[in-house]
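# Observations on the model geometry
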Amino acid sequence: MLINHCKLNVKTAAGIVIMAGWILLTFYTVVTAQEPLEYNLLPVFVDTIPASKIEPGKDTLKSRAGRDTVKIDTLPMSTDSLDAIVNYAAEDSGVLMVPEKMFILYGKAKTDYKDIKLEAAVIEFNQQSQMVKAFGSTDSSGNPYSKPQFTQGEMKTVSDSIFYSMKSNKGIIKNTYLQEGEIYVNAQTLKKVGLDESFGKDVRFTTCNLDEPHFAFKSNKMKLINNKLAVTGRVYPEIESIPIGIISLPFGLFPLNRGRHSGVMFPTFTASEDFGLGLEGLGYYKVLSDYADLTTRANIYSYGGWNVNISSKYLKRYKYTGSVSVSFLNNKVLNRSPFAKDEFNQNRAFMITWGHTRDSRARPGTNLSANVNFGSSRFNQNLLNNPFLNFQNQLQSNINYSKDWRGKYNLSLNLNHNQNSNTKLVNLNLPTANFNVVTFFPFQKKDRVGTAKWYEKLGIGYNGNFQNLISFYDTAFNLRRILDTLQWGAQHNLPINLSLPALGPITIAPGISYEERWYGQRMFRNWNNTSKKVDTTVQKGFYTARQMSFSLSLNTRIFGTYKFRPKSRAIAIRHEVRPSISLNYKPDMAARYHYNTQVDSTGRVLRFSQFEGGVLGTFSEGRFGGIAFGIDNVLEMKVKDKTDTSGKNTKKIKLLDGFGFNSSYNLMADSFALGVFSIYARSTLFDVINISANATMDPYQVNDRGFRVNQLNFDPARLKFGRITNGNIALSTSFKSKSRDGKDSKENKNVPLPNDPFMTPDEQQRQLQFIRANPAEFTDFNIPWNLSLSYSLGFSRILRPDYSGFETITNSSVNFNGDFSLTEKWKIGGTGYYDISRRSLQQISMFITREMHCWQLALNITPIGLFRSFNITFNPKSGILRDLRINRSRTFSNQ
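The shown structure was predicted, so the numbers you read here are calculated from the model rather than taken from an experiment. (Residues numbered from 1 in each chain as written. Predicted model: local features only at pLDDT ≥ 70, side-chain atom pairs only at ≥ 80, totals over all residues. Heavy atoms only, no water.)

### A few points about the overall build of the protein chain
As a reminder of what qualifies: Helical segments are the DSSP runs of H or I of at least four residues, strand segments are the runs of E of at least two, and each set is numbered from the N terminus. Throughout this description, buried means an accessible area under 20% of the type-specific maximum (1.4 Å probe, protein chains only), exposed means over 50%, and partly exposed covers the range between. Throughout, a residue-residue contact means that at least one pair of heavy atoms, one from each residue, lies within 4.5 Å. In these tables, accessible area is a Shrake-Rupley quantity obtained with a 1.4 Å probe, and a residue counts as shielded only by the protein chains included in the view.
When helices and strands are tallied, the protein chain shows 4 helices and 54 strands. Taking all 895 residues of the protein chain together, 35% fall into the buried category. In the protein chain, 51% of the contacts between residues at least 6 apart in sequence involve partners at least 24 apart. For the protein chain, the accessible surface area stands at approximately 52,700 Å², while carbon and sulfur atoms represent 57% of it.

See the structure below:
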């Protein structure tokens, strides 16, 4: 029989007797019924007004607003009553014994009382003593079935039997299993003496979630404080149920508190011929407040080198989040060269990182964000066991503040920084200001009726930009020199456009643009007959330049479809062509800012702009009155879906995401009228191979020194349409096998990707770097193999420093990453970077790992790179026992 969701609230002694009789009658009805029934046991209210106190002729019922009300008095609460409602349910039956004040539930019984939940095969409740007893049962084969489960707050236990007093919160539990965070505790006898305190006998601690754990720490006695601490007597490890008594401690402390708490972070031991013996990762974590913390870590080496990192994270929900990190590095490397004067090579470096994000709900309309990475150029190169940062040559920073005025105006202030580790050049933009006025229509009526006039669609906008630039080399830092390199500039752009109705499939858009630039300096090049070289002179001041242009653009889209035979798997191919053409006129307002200069002893003359090398760049000289044109293509195929047995479902495959070119022709130019062609292509073939490419083609020929001559380099018979002056191509692909469990996922579930919305970009990057540096710890054994490949090729032609001609610079590289399973428990993998231009393998890292359920064995090797290293680690997977590891690592320097 089913008795479900019943509520019992005993309020008076008389109420208990009446309700008990009613329950017995109800049970009799349920037992004799043909269909299962559900009952809600409601409280019974008794009229306690004595009849002798009612005076004759007086009505005790008063009418108010047409409704009768009854005043009912109740007796005081019984001393053996519960102080809250008990919700209970049972699949089999329930028995109420009134004389003994006992209530028993049979068959998957469940009870809820305050924050206490109890589930068992049999539950007994004694109302007089408020004692609860719970027992399990066995199935037909004799296996344990429906063991008692006790839950209070965040503590959950599974036991053989439970004896618990609801009045005193005391009880005894036999053979209980409980989980506190990542720790599983098994006690043969657990005596609960209070709401949060318990004593245990014959206790095991482990992070393995199996009934027979692979390892555990065993002790004869224990005191447990919920969500805080477990203290034991003599404790020793147990592996595969075999006690190892020779390795023991006089007592054990097992932290169970959840959330943040201060504490020491234990280091790992390492050894290196270049740095000596060392301790890495020694530190301390300090909780400053509910909104901030502080972490200090240090690496110490016997040769005198050290590395200190101090980082802090702050977070206030719905306000802001961020982190600050400061690192100091003092490397002292053994000099193994036989010709070296000093025994050690020593260098120092620092790095400051700051990430900050303001919640959009804190101050609507404004935003403040920061991502700062500033430090010494040598810092990344000198980091140990981090090949990804060792080859990172660019450091970039950005601090941004923006404000929006109801979508009409917006202001943006930026502090930017970029730094090249190879050239040691540092550029600071302090600050960059942008102010924009969103396009508005001055002649548009507020209350328009009917079709708008053409002049009402005339729109005007404004874009303003102000920049400061400071450049210096970090190896030659000098405040006076830094101020000498200060450049500034401002740019104003006033676009005017008119929205005209489309002429069928053709969209027409006329426009006028006026642009003015302010410069803080100008530069002149002059030939020096004495030194036979070009001298450069920089003049500081306030200088202006301006430009104006007129345009009329036309755009449309053309579609074409080719259909295949009905029996073919391919249904059709659709080709979309997007041609665009525009008529443009630009007067020559920049000719006066250009001049001719001799550049070599032969008398060869080149033309330069006064504002070259500035912050904003220069306007191009010469009138332009011509045509700009371009074509974009999209190619798609519709095929039948293989997974659909009916053959009706289809899917689209993109063959070309985009392919086209852009160029121009100047009708007013007396030479070089045809502009350069910008060619691009991008595609994702079969959703597997990503391809992107772009190039610049010059249609004119060059002389023997590489300078252009006014003669087209065009010969269709020889498939010659011009010269490719620069371009790049990138290909990437990845393959992986099906998962062993048949559940394919696009993301690796075992890899903790930085998807925390409160993590700053810098923290996300550091987490990814840790995953990359320790791939063996984040391997998915469910995927037998996977492989990722990427290739890049780039080239460009640049003018030589002595103006003698042009030279081509080429960069080409291949990156690979993958792993495969030797067995279900063993996996090997690696990642590397090959520089094709230098014909050398720049970096390679490999790993071998062994899956051991709750433990993991990992071997990481870097045989090629700035630092060569290997690391063997044997540790539990649980984060709480991460410091309990066997670690052996060695590092060698190639510098």
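Structure shown, so let's carry the discussion forward.
### Regarding the pattern of salt bridges
Stated precisely, the cut-off is as follows: Between Lys or Arg on one side and Asp or Glu on the other, a salt bridge is scored when a side-chain nitrogen of the former is within 4 Å of a carboxyl oxygen of the latter.
Here the structure, examined in full by the defined rule, presents 18 salt bridges. A salt bridge links Arg574 to Glu636; the shortest N-O distance between them is 3.3 Å. Of this pair, Arg574 sits in strand E38 (residues 570-586) while Glu636 sits in strand E41 (residues 624-640), placing them 62 residues apart in sequence. Looking at Glu636, the relative accessible area reads 13%, which means it is buried. When the shortest N-O distance is used, the salt bridge between Arg607 and Glu621 registers 2.6 Å. Here Arg607, found in strand E40 (residues 605-609), pairs with Glu621, found in the loop between E40 and E41; they are 14 residues apart in sequence, far enough to count as distant. Overall, the relative accessible area of 31% leaves Glu621 in the partly exposed class.

### Considering the environment of Glu280
Applicable threshold: A 3.5 Å cut-off defines polar contacts: any pair of N or O atoms within that distance qualifies, except that in protein one atom must be a possible hydrogen donor and the other a possible acceptor, and neighbouring residues in sequence count only when both atoms are side-chain atoms.
Within the secondary structure, Glu280 sits in strand E24 (residues 276-287). Polar contacts involving the side chain of Glu280 include one to the side chain of Tyr301, which spans 2.9 Å.

### Looking at the nonpolar core
We count it as follows: What is meant by a nonpolar core is a set of buried Ala, Val, Leu, Ile, Met, Phe, Trp, Tyr and Cys residues, joined one to another through side-chain atoms within 4.5 Å.
Ranked by size, the top nonpolar core spans 34 residues in total, and within it Leu118, Ile123, Phe150, Ile162, Val185, Phe205 and Met222 carry the most contacts. If one sorts the elements of this core by residue count, strand E7 (residues 116-126) sits on top with 5 residues. Residues Leu469, Tyr543, Leu616 and Phe619 belong to the second largest nonpolar core, which totals 10 residues.

### Digging into the pairing of strand E50 (residues 826-835)
Note the threshold: Criterion used throughout: strands pair if DSSP finds at least two bridges between them.
As paired strands, strand E49 (residues 806-821) and E50 are joined by 9 bridges and run antiparallel to one another. Bridged to Val814 within E50 is Tyr834. Linking E49 back to E50 in an antiparallel pair, the connection comprises 4 residues. Here E50 pairs with strand E51 (residues 840-852) via 10 bridges, running antiparallel. Its bridge partner being in E51, Tyr834 is matched across the sheet by Leu841. Connecting the antiparallel pair E50 and E51 is a turn made up of 4 residues, with Arg839 showing a positive phi of about 55°.

### Some remarks on the packing of aromatic side chains
Threshold: Only the six-membered ring of Trp is used, alongside the rings of Phe and Tyr, when aromatic pairs are assigned; centres must lie within 6.5 Å, and planes under 30 degrees apart are stacked while those over 60 apart are edge-to-face, with the rest tilted.
Summed over all chains, the structure comprises 27 aromatic pairs. Each ring, one from Phe550 and one from Tyr585, has its centre 6.3 Å from the other, and the planes form 25°; the classification is stacked. Note that Phe550 is positioned in strand E36 (residues 533-555) and Tyr585 in strand E38, a separation of 35 residues in sequence. Of the residues examined, Phe550 reaches a relative accessible area of 32% and is grouped as partly exposed. A residue is classified by how much of its surface remains accessible, and Tyr585, at 30% relative accessible area, is partly exposed. When the centroid spacing of 5.3 Å and the interplanar angle of 70° are considered together, the rings of Phe707 and Phe806 count as edge-to-face.

### Details of the state of the cysteines
Put simply, the rule is: Two cysteine sulfurs form what is called a disulfide whenever their separation falls within 2.5 Å.
Counted under the stated rule, the structure contains 0 disulfides. Of all cysteine sulfurs in the structure, the one in Cys854 sits closest to Cys208, which takes part in no disulfide; the separation is 3.7 Å. Given a relative accessible area of 6%, Cys854 falls into the buried group.

### Focus on unusual backbone geometry
Note that the residue after Leu430, namely Pro431, is joined by a cis bond; omega there is -20°. Examined against the element boundaries, Pro431 turns out to sit in strand E32 (residues 425-440). Positioned with a positive phi, Gln130 is a non-glycine residue whose angle comes to about 55°. Tracing the chain through its elements places Gln130 in the loop between E7 and strand E8 (131-135). Note on Gln130: relative accessible area 5%, which makes it buried. The phi dihedral of Arg839 is positive, around 55°, even though this residue is not glycine.

### Here's the deal with the side chain of Thr597
If you trace the backbone, Thr597 turns up in strand E39 (residues 594-598). The buried category is assigned to Thr597, whose relative accessible area is 4%. Only 2.8 Å separates the side chain of Thr597 from the backbone oxygen of Arg525, close enough to count as a polar contact. If we skip the residues at most four places from it in the chain, Thr597 touches Arg525, Asn526, Trp527, Arg604, Val605, Leu606 and Phe608.

### Here we look at the confidence of the model for the protein chain
Cut-off, in case you're wondering: As a per-residue measure, pLDDT tells how confident the predictor is, with possible values from 0 to 100.
Confidence in the prediction of the protein chain, expressed as mean pLDDT, is 80, and 84% of residues score 70 or more. Taken element by element, the predicted model of the protein chain shows its lowest mean pLDDT in helix H1 (residues 13-32) (37) and its highest in strand E25 (residues 292-301) (92). Segment residues 1-75 is flagged for pLDDT under 50; beyond a separation of four residues in sequence, or across chains, it makes 86 contacts in the model.

### As for the environment of Tyr834
Along the chain, Tyr834 turns up in strand E50. Judged by its relative accessible area of 32%, Tyr834 falls in the partly exposed class. A C-alpha to C-alpha distance of 8.7 Å links Tyr834 and Phe816, two positions 18 residues apart in sequence. Setting aside its immediate chain neighbours within four residues, Tyr834 contacts Ser812, Ser813, Val814, Arg839, Ser840 and Leu841.

### Considerations on a nonpolar patch on the surface
Our working rule: Only residues whose relative accessible area exceeds 30% and that form no salt bridge are eligible for patches; like-charged ones are grouped when within 9 Å, while nonpolar side chains (Val, Leu, Ile, Met, Phe, Trp, Tyr) are grouped when within 5 Å.
Together, Phe686, Val688, Phe735, Trp785, Leu787, Leu789, Phe820, Leu822 and Trp826 line one region of the surface with nonpolar side chains, adding up to about 860 Å² of accessible area. Broken down by element, the nonpolar patch gets its largest block of residues, 3 residues, from strand E48 (residues 785-799). Mapped onto the fold, Trp826 is located in strand E50.

### A few points about the environment of Gly722
Within the secondary structure, Gly722 sits in the loop between strand E46 (708-712) and strand E47 (723-736). Sequence separation between Gly722 and Tyr700 is 22 residues, and the spatial gap between their C-alpha atoms is 6.4 Å. Excluding its chain neighbours within four sequence positions, the residues that come into contact with Gly722 are Met697, Asp698, Pro699 and Asn713.

### Let's talk about the pairing of E24
For strand E22 (residues 263-265) and E24, the ladder comprises 3 bridges, and the chain directions are antiparallel. For Val264, the partnering residue across the bridge sits in E24 and is Tyr284. In the sheet, strand E23 (residues 268-272) pairs with E24 via 5 bridges, with the strands oriented antiparallel. If you follow Phe269 over to E24, its bridge partner there is Leu279. Count of turn residues in the E23/E24 antiparallel hairpin: 3 residues. Between the antiparallel neighbours E24 and E25 lie 4 residues.

### Some points on the side chain of Gln467
If you trace the backbone, Gln467 turns up in strand E33 (residues 458-473). The buried category is assigned to Gln467, whose relative accessible area is 17%. Within polar-contact distance, the side chain of Gln467 engages the side chain of Asn465 at 2.9 Å. Once you skip the residues sitting within four places of it in the chain, Gln467 turns out to touch Asn429, Pro431, Thr432, Gln487, Trp488, Gly489, Val615 and Leu616.

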